[in-house]
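Geometric and topological summary
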Amino acid sequence: VRSSACGEKGALLRVDLTHATHSTESVEAYVDDYVGGRGVGTKILWDELPPGTDPLGPDSILIFNNGPLSGTAAPASGRLDVSAKSPLNNFHAVTNLGGYWGVELRHAGYLHLLITGAREEPGYLWIHNDRVEVRDASHLWGLDTYETTVQLRRELGDEDTQVLSIGPAGENLVLFSNIVTNMGEAAGRFGIGAVMGSKKLKAIAVRGTRGVALAQPRRFLELARDAHRRLWESPGFKERMKQPGYAGMFGDKFASSAAFGNYEDGYWERFAHLEVEEFFSKRLVRSAGCHACFLQCKSLVHIPTIGYGLSGCTAFSSFVGTVWNEDLTTMWEAIILANRYGLDFLQTAGTIALLMELYEKGIITPAQTDGIPMIKGSRDAILGIIHKIGRREGVGSILADGIRGAAEALDSRAPEYVVEVKGLFPHGYAFPALEGASLMQAVGVGDPFPTYGTSTEQAVSVPGPWKNLLTEAKELFGSDEAYLPGNYSPAKVRMVIASEHGTRVPDMLGVCIKPYKVAEPFPLEDLVALYEAATGRALTSAQLYSAAERLVNLERLFDAREGLTREDDRLPQRFFKPIAGGVHQGKALDAEKMEEMKDVYYQTRGWDPQTGLPTQEKLRELGLEKLARVHSSRRRGRR
Amino acid sequence: MSKKLLIYPEKCIGCRTCEIFCSLSHTGSCNPARSRVNVIKTTQDVLCIPMMCQQCLDPVCAQVCPSHAIHRNKITGAVETDQERCLGCGVCVAACPFGGSALDPWSGTVVRCDLCEGAPLCAEVCVQGAIVYVEEERHGLLKKRSAAETLLAALKAVAPKGDEP
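Residues numbered from 1 in each chain as written. Chains lettered and ligands numbered in written order. Predicted model: local features only at pLDDT ≥ 70, side-chain atom pairs only at ≥ 80, totals over all residues. Heavy atoms only, no water.

Section: the overall build of chain B
To keep it simple, the criterion reads: A helix here means a DSSP run of H or I that spans at least four residues, while a strand means a run of E at least two residues long, and both kinds are numbered starting from the N terminus. Residue exposure (1.4 Å probe, protein chains only): buried if accessible area is under 20% of the type maximum, exposed if over 50%, otherwise partly exposed. Residue contacts follow a heavy-atom distance rule, with two residues in contact if any of their heavy atoms lie within 4.5 Å.
A tally of regular secondary structure across chain B gives 5 helices and 9 strands. When the helices and strands of chain B are read in sequence order from the N terminus, they spell out β-α-β-β-β-α-β-β-α-β-β-α-β-α. In terms of overall dimensions, chain B has C-alpha extents of about 65 × 35 × 25 Å along its principal axes. Taking all 165 residues of chain B together, 44% fall into the buried category. Considering only intrachain contacts with a sequence separation of at least 6, the fraction spanning at least 24 residues in chain B is 53%.

What follows is the structure, encoded as structure tokens:
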């Protein structure tokens, strides 16, 4: 079998765990409207998952989605989208991961991998080009994610095998458990580790040597060369290369413009004095690059007796700022431990932060946390709770079901301290000072952290040489208010909508947004040309943005079909209270103005402000009118 | 002045951009399994090093080839296999201490770095500088300079405060 290009027969591998069968099929029918990757994956999820399905039941499905550029020479073409219904919030789980696993799947000949059904006994999936087997994994059940990779590579006898696995947290159906690759990359936030766990699927090992065939190889080569060169030569990249991967998240600037603990403070003085650079530079093994990416946004760090791991900004901020931890060795222990269990860093840290605040306020006692005093920054508290959650042991069994339910179970006064958006603890940005990012957070799928315009808004919110950015805001959105903080203007709404579309473009193509963001302006034309040379299909950037808009609407329909209404687009109470310290001290969102801004957002999107859902007219415009009839009833999956 | 490929494993970030461009330019497909250069990762992917033909002065592969099919290209300096004479026996693969020769899994013939006719693409796309293509006379000195920088940084780290240059 020769390699399969986009749209060819065999681009989707379907594996039925219940009957231990597999087949391949074409995704051709989806490509025109949804391009690939996250777009096609969401449409398949819409088509194949009946509304109200228990995400942890045998009928739930899990889809891994490469895009048409995945695994090619296009810059950073190693980002894999993963789609499922989230057991954490019963909405669409939107998550993705870098590294090499998705690329290996593409090189094995598959754009998409769809897992249906469930096994009775633990199993793992072994994909070696067109050879697909479900094998017994009873000997792997209980192993952590690192051990599983080592064991499977040994068993399969090929060190180049890429392994994706769940740890004990996924096995124990922790609702925020991750799927983790051998490199420590994780698809997180939404509990898809538990989806795999409920299917008794311990791991997926892939080896692919079929490669990716391209419609116009010579042209693709020249375009890819140029695209790489343009990114390296951009001033943003040169600036980025002066700093290692862990830089940018420490020092006074970060300490005074982020959120700390359970969103209790906007400044943490001790954070500014942490010797982060010294800690990491002494322990750095090398910078790490994902497939065909030069950015080095991650660093491979080794600490004897604790182990190897990748450091990224979320891992760092979660187990330092969120849990008031000043000891960087404890941070590293927490990162490795959470990754071995297969736990989401941020959700785990947010849960710990809540317990710490409740303990400080005298709302909970150590008796409620299995004897662990939840003292802010305490090593025993941080590591102790990670173990409890990962094993679903004692208080961990309550915490593992999500932050709001846990608060309700602990004390009647606890829920008012809960910080969550659609069940997810948000990334540590100073949201009360960022109206655009807050809007995107409120109306978004899951927790979209600031990207494109909203990340520019964040940059502009702290002092710096931002004059040219304000000119850009005027050109793109009609007013510099789009980027400037302190307003709820329609220009800001337009900026948020553009950001929402912008994040979906790379997700549909199968590339990582990060290195492209470094370049100014965003090299969209390069991506369009690469797509055409790869697939032989014509595409314009307008079509790409139109597909992104269709995808936003489809994702909204999916969540509506599962019961979402405007009520769910709710921000935590804490975002409306003044920030305690830092550069944004005293800033708070205005609840009434935020609601008005949401009205404008829904109207601009062509959605009904009453329900927050797409109107018939909008759906007709996007060719989605056939899907509209099913989105009215309120249904929920689990509990 | 002839040039040589020089590899700095300590600069490699394991991104495999070299592999994907190499396979694309030589086979028209993106497939590391058909690349002339491979980034080998060990110890759970922690350590990585690009491995490829070293273009030896007195190549072992040429010595062991039973059909005398391996010769040096006088213009590029690359050690090349005459595909007309190649038996596909794989003795050169077995003999090379670097894995510089390999049997292409699709065609079954021997493939080896051909220096891209004097402008190696792997070196061009390695922005980290882990693979560089330099004049032969600078080859050793560059490696010495790189080692010296590491050594000096280490010395500086242990020097008493105030003694810094």
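Past the structure itself, the notes keep going.
Things to note about the sheet that holds strand β2 (residues 21–25) of chain A
All names here are of chain A. Just so we agree on the cut-off: When DSSP locates at least two bridges between a pair of strands, those strands are taken to pair. To obtain an axis, a line is fitted to C-alpha atoms, over the contacting stretch when the element is a helix, and the angle between two such axes runs from 0 to 180 degrees between their N-to-C directions.
With mixed pairing, 6 strands are arranged side by side in an open sheet as β2-β1-β6-β3-β4-β5. Strands at the two margins of the open sheet, each flanked by one partner only, are β2 and β5 (92–97). When the angles between neighbouring strand axes are averaged without regard to direction, this sheet yields 15°.

A closer look at helix α11 (residues 276–283) of chain A
All names here are of chain A. The following threshold applies: Read the arc as the range of directions from the helix axis to the C-beta atoms.
Among the residues of α11, those classed as buried are V276, F279 and F280. Projection of α11 onto a plane perpendicular to its axis shows the buried side chains occupying an angular sector of 85°, all on one side. Buried-residue contacts for α11 involve β14 (284–288), β15 (298–303), β16 (307–311), α12 (313–322) and α13 (328–341).

Observations concerning the interface of chain A and chain B
Spelled out, the test is: Any carboxyl oxygen of Asp or Glu within 4 Å of a side-chain nitrogen of Lys or Arg constitutes a salt bridge here. Polar contact is the term for a pair of N or O atoms within 3.5 Å; when the atoms are in protein, one must be able to donate a hydrogen and the other to accept it, and sequence-neighboring residues count only if both atoms are side-chain atoms. Nonpolar residues are Ala, Val, Leu, Ile, Met, Phe, Trp, Tyr, Cys and Pro. Charged residues are Asp, Glu, Lys and Arg, and all others, Gly as well, are polar.
Every contact between the two is made by 44 residues of chain A and, on the other side, 28 residues of chain B. Summed over the shared surface of chain A and chain B, the number is 3 salt bridges. The partner of E124(B) in a salt bridge is R225(A), and the shortest N-O contact between them spans 2.6 Å. One can count 17 residue pairs in polar contact (both at pLDDT 80 or more) joining chain A with chain B. When residues of the side of chain A that touches chain B are traced back to their parent elements, those giving at least two are α4 (145–156), β13 (212–213), α7 (217–232), α8 (235–241) and β14 of chain A. Top contributing element to the side of chain A that touches chain B by residue count: α7(A), with 9 residues. Along the lines of polarity and charge, the residues of the side of chain A that touches chain B split into 22 nonpolar, 14 polar and 8 charged.

Considerations on the environment of S234(A)
Residues and elements named next belong to chain A. Assignment of secondary structure puts S234 in the loop between α7 and α8. Placed 284 residues apart in sequence, S234 and V518 show a C-alpha to C-alpha distance of 7.7 Å. In this view, S234 contacts V518 and A519; residues no more than four positions away in its chain are not counted. Only 2.8 Å separates the side chain of S234 from the backbone oxygen of L231, close enough to count as a polar contact.

Quick notes on the sheet that holds β15(A)
Backbone-to-backbone hydrogen bonds join strands into a sheet, with any given pair of strands oriented parallel or antiparallel. All names here are of chain A. If you trace the 3 strands from one edge of the open sheet to the other, you get β14-β15-β16, paired in antiparallel fashion. In this open sheet, the two edge strands, each paired with only one partner strand, are β14 and β16. Across the sheet, the mean angle separating the axes of adjacent strands is 20° when strand polarity is ignored. Where β14 and β15 come together, 4 bridges link them in antiparallel fashion.

Section: the nonpolar core
Test applied: By nonpolar core we mean a set of buried residues, namely Ala, Val, Leu, Ile, Met, Phe, Trp, Tyr and Cys, connected to one another through side-chain atoms within 4.5 Å.
By size, the foremost hydrophobic cluster in this structure holds 128 residues, and its most contacted members are F64(A), L113(A), I127(A) and I204(A). Grouped together as the second largest cluster of nonpolar side chains are 67 residues, A11(A), V40(A), L114(A) and F237(A) included.

Here's the deal with a nonpolar patch on the surface
As a reminder of what qualifies: Nonpolar side chains (Val, Leu, Ile, Met, Phe, Trp, Tyr) are joined into patches within 5 Å and like charges within 9 Å, using only residues with over 30% relative accessible area and no salt bridge. Surface exposure here means Shrake-Rupley accessible area, sampled with a 1.4 Å probe, where a residue is shielded only by the protein chains that are shown.
A cluster of nonpolar side chains, L151(B), L152(B), L155(B) and V158(B), forms an exposed patch at the surface whose accessible area comes to about 440 Å². Tracing the backbone shows L151(B) in helix α5 (residues 136–158).

Remarks on the environment of L56(A)
Structurally, L56(A) can be placed in the loop between α2 (37–48) and β3 (62–65). Considering only alpha carbons, one finds L56(A) and K282(A), 226 residues apart in sequence, at a separation of 43 Å.

Brief notes about the state of the cysteines
Each disulfide consists of one covalent bond between the sulfur atoms belonging to two cysteines. Definition in use: The disulfide criterion used throughout: a pair of cysteine sulfur atoms within 2.5 Å.
Within the structure shown, the criterion is met by 0 disulfides over all chains. For the unlinked cysteine C122(B), the closest cysteine sulfur is that of C113(B), found at 5.9 Å.

Concerning the pattern of salt bridges
Taken as a whole and judged by the stated rule, the model has 48 salt bridges over all chains. Between E326(A) and R270(A) there is a salt bridge; the shortest N-O distance is 3.0 Å. Here R270(A) lies in helix α10 (residues 269–272) and E326(A) lies in the loop between α12 and α13, a separation of 56 residues in the sequence. Within the structure, one salt-bridge network assembled from shared partners comprises E222(A), R225(A), D226(A), R229(A) and E124(B).

Notes on the pairing of β2(A)
Residues and elements named next belong to chain A. In terms of strand pairing, strand β1 (residues 12–16) meets β2 through 5 bridges, oriented antiparallel. In the strand pairing of β2, R14 is matched with S23. The turn linking β1 back onto β2 is made up of 4 residues, and A20 within it adopts a positive phi angle of 50°.

Examining the environment of G188(A)
Residues and elements named next belong to chain A. With respect to the helices and strands, the residue G188 is situated in the loop between β11 (186–187) and α6 (192–198). G188 sits 154 residues away from G342 along the chain, and the two C-alpha atoms are 8.9 Å apart. If we skip the residues at most four places from it in the chain, G188 touches T95, N178 and D344.

Remarks on the side chain of K422(A)
Residues and elements named next belong to chain A. Relative to the helices and strands, K422 resides in the loop between α17 (403–410) and α18 (435–443). A distance of 2.9 Å separates a polar side-chain atom of K422 from the backbone oxygen of A442. A polar atom in the side chain of K422 sits 3.0 Å from the side chain of D569. If we ignore the near neighbours within four places in the chain, the residues touching K422 are N89, F91, A442, V443, G444, L564, D568 and D569.

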